[in-house]
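Residue-level structure breakdown
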Amino acid sequence: MREFDYQRAHDVAGAVALLGADPDTRFLGGGTNLVDLMKSGVERPARLVDIRELPLDEIEPTPEGGLRIGATVTNGDLAAHPEVRRRYPALAQAVLAGASGQLRNMATVGGNLLQRTRCGYFTDVTQPCNKRVPGSGCPAIQGEHHNHAILGASGHCAAVHPSDMAVALTAFDAVVHYETADGPGELPLAGFYLPVGDTPHRETALPPGALITGVTLPPAPVAARSRYRKVRERASYAFAIGSLAAALDIRDGVVRDARLAFGAVASRPWRASAAERVLIGAAAGTETYAAAADAELAAARPLPHNGYKVDLLRNLVVAVLSQLAEEAAR
């Protein structure tokens, strides 16, 4: 590991100034991803700025009826918060599915959004990787890719985003707030992650030198009846091979509102907008749910060894929406 300086920030402006003074600086929250990448040599910062003492660790209601979540709120506190569990249960479930208890007690909301892919070629510095070394190639496309992308990939990268939390936040139209030397800004999560295209090393639309300060969830009555379902290769702590955040509002047998987002199928959390369009206004039932999944997955372009994800996601959509419909009918 490269030697690095360590400095603790005590206010947001000071943290932003420290990063702006040296682009080879990284912010340190829980460190559950960054420190691993430093150990493997993927990340080699000259300085770490510890932001855990910044006043960004609260979860508060917004005047509009949503929630604002500070960037340094731990994943454990997020999942346990009564208003999160009541208003956005899929978010709490996603966080609980995402890691062990020890990691949840360290990892932060801001860091979770910025975590890097777990593609084995990315984390192995002896291998080429366009995310790590632009222009060096993507060996996953011809190599080991059974857990790689089936949606939105390109010939330059087939890696998937590993976050569970971000999938649920995407389904509920979250907005990311940040601070730069020029002042505050915000990005809808739908535009936060960049399409992979031919620049997979550019992962987010955050401006240079930005510090994430929080995430806002707008009011969404449909979110109160929501679920997060994660499929993985073992029951214990593991990254998803496919996941779904879903919410459903059914009245008089008709779907009035629906929210769906897929995880572990693209370089970013994948909002299933085509599926939502099929659902809203249609008769509730397994045929409608399957048609919605097929509409979204028509764009899938699986590689030779990950085509199973198409059937997996289709079955997941039908199963989770059926469960939500049954609960609504009780």
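Thresholds applied
- Residues numbered from 1 in each chain as written.
- Predicted model: local features only at pLDDT ≥ 70, side-chain atom pairs only at ≥ 80, totals over all residues.
- Heavy atoms only, no water.
- Salt bridge = Lys/Arg side-chain N within 4 Å of Asp/Glu carboxyl O.
- Helix = DSSP H or I, 4+ residues; strand = E, 2+ residues; numbered from the N terminus.
- Buried < 20%, exposed > 50% of the residue type's maximum accessible area, 1.4 Å probe, protein only.
- Core = buried A, V, L, I, M, F, W, Y, C linked by side-chain atoms within 4.5 Å.
- Contact = heavy atoms within 4.5 Å.
- Patch = residues over 30% accessible without salt bridge, like charges linked within 9 Å, V, L, I, M, F, W, Y side chains within 5 Å.
- Areas by Shrake-Rupley, 256 points an atom, 1.4 Å probe, with all protein chains shown as cover.
- 1 Å grid on protein atoms, 1.4 Å probe; cavity = no way out; pocket = protein on both sides within 12 Å on 5 of 7 lines; lining within 4 Å.
- Points joined across faces, edges and corners; volume = space filled by probe spheres on them.
- Nonpolar A, V, L, I, M, F, W, Y, C, P; charged D, E, K, R; others polar.
- Phe/Tyr/Trp six-rings, centres within 6.5 Å; stacked < 30°, edge-to-face > 60°.

Quick look at the pattern of salt bridges
One pass over the full model with this rule turns up 17 salt bridges. Between E43 and R26 there is a salt bridge, with its nearest N and O atoms 3.1 Å apart. Taken together, the residues E43 in the loop between α2 (34–40) and β3 (47–50) and R26 in strand β2 (residues 25–28) connect sequence positions 17 residues apart. Residue classification places R26 among the partly exposed residues on the basis of a relative accessible area of 28%. Two residues, E203 and K131, come together in a salt bridge whose shortest N-O distance is 3.0 Å. Here the residue E203 occupies a position in the loop between α10 (189–192) and β8 (211–217), and K131 occupies one in the loop between α8 (120–123) and α9 (165–171), the gap between them amounting to 72 residues. Across the pair, K131 and E203 agree in class, each one buried. Each of R26, E43, R116, K131 and E203 takes part in one network of salt bridges that share partners.

So, the nonpolar core
Ranked by internal contacts, the top residues of the largest apolar core, which has 55 residues, are L78, L91, L113, L169 and F192. In this structure, L91 is in contact with I69, L78, V84, M165, A168, L169, F172 and L217, ignoring residues within four places of it in sequence.

Overview of a nonpolar patch on the surface
A surface patch of nonpolar side chains, amounting to about 320 Å² of accessible area, comprises M1, F4 and Y6. Topologically, Y6 is positioned in strand β1 (residues 5–8).

Some details on empty space enclosed by the protein
One pass over the full model with this rule turns up 1 cavity of 30 Å³ or more. Along the wall of the largest cavity there are 14 residues; nearest its centre are C119, C129, C138, C157 and A159. Broken down by class, the residue content of the lining of the largest cavity amounts to 9 nonpolar, 4 polar and 1 charged.

Observations concerning the packing of aromatic side chains
Throughout the structure, instances matching the rule amount to 2 aromatic pairs. Note on Y88 and F172: the rings are 5.8 Å apart at their centroids and 50° apart in plane angle, and the pair reads as tilted. Separated by 84 residues along the polypeptide, Y88 in the loop between α4 (82–87) and α5 (89–98) and F172 in the loop between α9 and β6 (175–180) bring together distant segments of the chain. Here the two residues Y88 and F172 agree in accessibility, since each one is buried. Judged by centre distance (4.9 Å) and plane angle (90°), the ring pair of F192 and Y193 falls under edge-to-face. The burial state of F192 is the same as that of Y193; both residues are buried.

Digging into the layout of surface pockets
For the second largest pocket, the calculated volume is near 410 Å³. Along its surface, the second largest pocket is lined by 27 residues, and R118, N147, V160, F239 and A240 are the ones closest to its centre. When contributions to the lining of the second largest pocket are tallied by element, the ones reaching two or more residues are α8 and β10 (240–251). The element best represented in the lining of the second largest pocket is β10, accounting for 3 residues.

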